[in-house]
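Chain by chain, the residues run as shown.
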Amino acid sequence: MEMEEIFDKLQAVADRYDELNELISDPEVIADSQRFMKLSKEEGSLRETVEKYHQYQKVTQTIKDDEELLRDTKDDELIEMTKEELASSKEEQDQLAHELEVLLIPKDPNDDKNIIMEIRGAAGGDEASLFAGDLYNMYLHYAEKQGWNVEIVDKTETEVGGFKEIVLMISGDKVYSKLKFENGAHRVQRIPVTESAGRVHTSTATVGVMPEAEDVQIDLDPKDIRVDVYRSSGAGGQHINKTSSAVRMTHLPTGIVVAMQDERSQQQNRAKAMRILKARVYDYYQQKEQSAYDQKRKDAIGTGDRSERIRTYNYPQNRVTDHRIGLTLNKLDKIMDGDLDEIIEALIIADQTKKLEQLRNE
């Protein structure tokens with residue numbers, strides 16, 4: 001995309017922003033709360049781009065004025081001052097141009113969404129389930145630092161203290177935008193607590209990150225869902241044994257199954273199972289689209305395929321390596337305590353860089 005096209009696009013964004021500001025001041029729109037909310041959200045999403053565009057226009061005008069002044073003046077002192085201002089303005093102009101390009105990258109429509117995260121022990125037996133537990137604690141601490149809320153939706157614990165599987169709902173501000181790159185296979189290299197000879201073992205756990213699918217995005221046909229109810233197993237006393245509160249939902253077109261027996265009432269289990277089922281079905285169709293897309297163009301930070309090894313956690317050397325961007329950090333202890341900002345920011349920048357290249361080549 002040429003610079004001229006970029007500025008045409010920016011002007012169109014600025015025009016739309018002005019139009020939205022007029023609309024949300026209209027008494028008829030204000031009276032329609034749903035429309036008002038929708039337009040306000042759109043206006044908010046364009047605000048940063050428009051403000052930066054106005055800054056760019058202002059600094060561009062300053063550069064024009066300074067260049068004209070340099071052509072017309074003979075005053076040495078004024079020439080020196082103007083040259084300094086011109087150099088500073090050109091630097092600011094370049095920085096703003098880059099920021100505006102980044103702001104024009106098409107937004108991932110899921111970035112603002114809450115997520116459902118599934119962590120599963122994979123290869124490595126007990127050690128894999130213990131590592132799944134460590135990953136759960138890592139994401140829990142990261143979410144706390146972000147001010148997000150974490151709810152355990154379902155879990156299958158193992159005797160050694162880890163998880164065969166744990167399903168979380170993480171809600172808050174822009175959760176998916178930060179955690180979507182965690183999708184994939186995570187590899188750990190360490191001496192298991194059960195290993196008497198002190199040899200380093202390699203195990204894996206998989207992380208699935210799915211945006212919570214709202215009704216507007218995916219409307220599941222009740223005819224496509226088979227619901228079975230049964231008695232919950234495990235702890236819970238007489239209530240559990242006497243009532244069929246557990247729910248199993250099967251989405252027939254995809255074969256996706258969700259079983260839920262965490263809550264005491266069938267109604268609560270139904271509601272939770274439906275949230276998970278919607279997210280999994282939405283993710284299933286997204287993955288299919290992504291696979292087709294990846295045939296044409298390989299993404300810089302991996303396809304997000306859960307079988308793809310994305311990161312290695314090496315305990316003996318206190319080292320974490322993200323294989324998609326070649327980033328190595330020697331602070332595994334801090335990362336396992338939820339200090340994920342450096343990795344996540346690097347992945348976001350790598351993603352933006354790739355998308356910018358694509359935008360420029362269009």
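My aim in this report is to walk through the structure given alongside it, one point at a time. Position labels on residues start from 1 in each chain and follow its written sequence. For a predicted model such as this one, the threshold for reporting local features is a pLDDT of at least 70, and the threshold for listing and counting side-chain atom pairs is 80 or more; totals across whole chains, interfaces and linings nevertheless cover every residue. The basis for every side-chain value is the complete set of heavy atoms in the structure, and neither hydrogens nor water enter the calculation.

1. With respect to the pairing of strand 10 (residues 319–322)
Pairing of strand 9 (residues 309–314) with strand 10, which is carried by four bridges, proceeds in the antiparallel orientation. Paired with R311 across the strands is D322, a residue of strand 10. A pair of strands counts as paired when DSSP detects no fewer than two bridges linking them. Helix and strand definitions follow DSSP, with helices as H or I runs of at least four residues and strands as E runs of at least two, each counted in order from the N terminus. The hairpin formed by strand 9 and strand 10 contains four residues between the paired strands, and N318 there has a positive phi angle of roughly 50 degrees. Adjacent in sequence and paired antiparallel, strand 10 and strand 11 (residues 327–329) are bridged by four residues, among which G326 carries a positive phi angle near 65 degrees.

2. Examining the pattern of salt bridges
A pair is scored as a salt bridge if a Lys or Arg side-chain nitrogen falls within 4 Å of a carboxyl oxygen belonging to Asp or Glu. This model, assessed by the stated rule, comprises 24 salt bridges. Taking the shortest distance from any N to any O, the salt bridge between R16 and E19 comes out at 3.3 Å. Taken together, the positions of R16 and E19, both in helix 1 (residues 3–23) and three residues apart, correspond to about one turn of that helix. The partly exposed category is assigned to R16, whose relative accessible area is 26%. For every residue, the accessible area (1.4 Å probe, protein chains only) is compared with the maximum for its type, and the residue is labelled buried under 20%, exposed over 50%, or partly exposed between those bounds. Take E19: its relative accessible area is 42%, and that puts it in the partly exposed class. Through salt bridges with shared partners, a single ionic network connects E118, R120, E165 and R280.

3. Considering the pairing of strand 5 (residues 201–211)
Two faces belong to every sheet, and in a regular strand the side chains alternate between them. The buried fraction of strand 5 amounts to eight of the 11 residues, a majority that puts the element mostly inside the structure. Pairing of strand 1 (residues 115–121) with strand 5, which is carried by seven bridges, proceeds in the antiparallel orientation. Residue M117 lies in a different strand from strand 5, and its bridge partner there is V209. In the sheet, strand 4 (residues 184–190) pairs with strand 5 via seven bridges, with the strands oriented antiparallel. The residue of strand 5 that forms the bridge with H186 is A205.

4. Things to note about the sheet that holds strand 9
Read from one edge to the other, the open sheet built from eight strands follows the order 2-3-1-5-4-9-10-11, with strand pairing classed as mixed. In this open sheet, the two edge strands, each paired with only one partner strand, are strand 2 (149–157) and strand 11. Ignoring which end each strand starts from, the neighbouring axes of this sheet average 15 degrees apart. In this structure, strand 2 lies alongside strand 3 (residues 163–171), joined through eight bridges in antiparallel fashion. Bridge assignment links E157 to a residue of strand 3, and that residue is F163. Comment: axis = line fitted to C-alpha atoms, over the contacting stretch for helices; angle = value between 0 and 180 degrees taken between N-to-C directions.

5. Remarks on empty space enclosed by the protein
Think of a 1 Å grid over the protein atoms and nothing else: a 1.4 Å probe that fits but is trapped marks a cavity, an open set flanked by protein within 12 Å on at least five of seven lines marks a pocket, and residues with an atom within 4 Å of a point count as lining. Grid points are joined across faces, edges and corners, and a volume is the space filled by probe spheres set on the points. A complete count under the given rule lists one cavity of 30 Å³ or more for this structure. In this structure, the largest cavity spans a volume of roughly 30 Å³. If you go around the largest cavity, the residues you meet are E151, V153, M169, K272, R275 and I276. Elements supplying a minimum of two residues to the lining of the largest cavity: strand 2 and helix 8 (266–296). Broken down by element, the lining of the largest cavity gets its largest block of residues, three residues, from helix 8. We call Asp, Glu, Lys and Arg charged. Ala, Val, Leu, Ile, Met, Phe, Trp, Tyr, Cys and Pro are nonpolar, and the rest, Gly among them, are polar. By residue class, the composition of the lining of the largest cavity is three nonpolar, no polar and three charged.

6. Description of unusual backbone geometry
A positive phi angle, near 55 degrees, is found at K174, a position not held by glycine. Position of K174 among the secondary structure elements: in the loop between strand 3 and helix 6 (175–179). Taking the relative accessible area as the measure of exposure, K174 reaches 39% and is therefore partly exposed. Look at N318: it is not a glycine, yet its phi comes out positive at around 50 degrees. Looking at the secondary structure, you find N318 in the loop between strand 9 and strand 10.

7. With respect to the packing of helix 3 (residues 33–72) against helix 4 (residues 76–104)
Direction vectors running N to C along helix 3 and helix 4 enclose 155 degrees, while the axes themselves pass 9 Å from each other. What the angle tells us is that helix 3 and helix 4 run roughly antiparallel. For helix 3 against helix 4, the interelement crossing comes out left-handed. Classifying every residue of the contact of helix 3 with helix 4 gives 13 nonpolar, seven polar and nine charged. An angle below 35 degrees is treated as roughly parallel, one above 145 as roughly antiparallel, one from 65 to 115 as roughly perpendicular, and anything else as oblique. Here a crossing is taken to be left-handed if its near helix is turned anticlockwise relative to the far helix by less than a right angle, and right-handed if that turn runs clockwise.

Function cannot be read off these values alone, since they describe shape.
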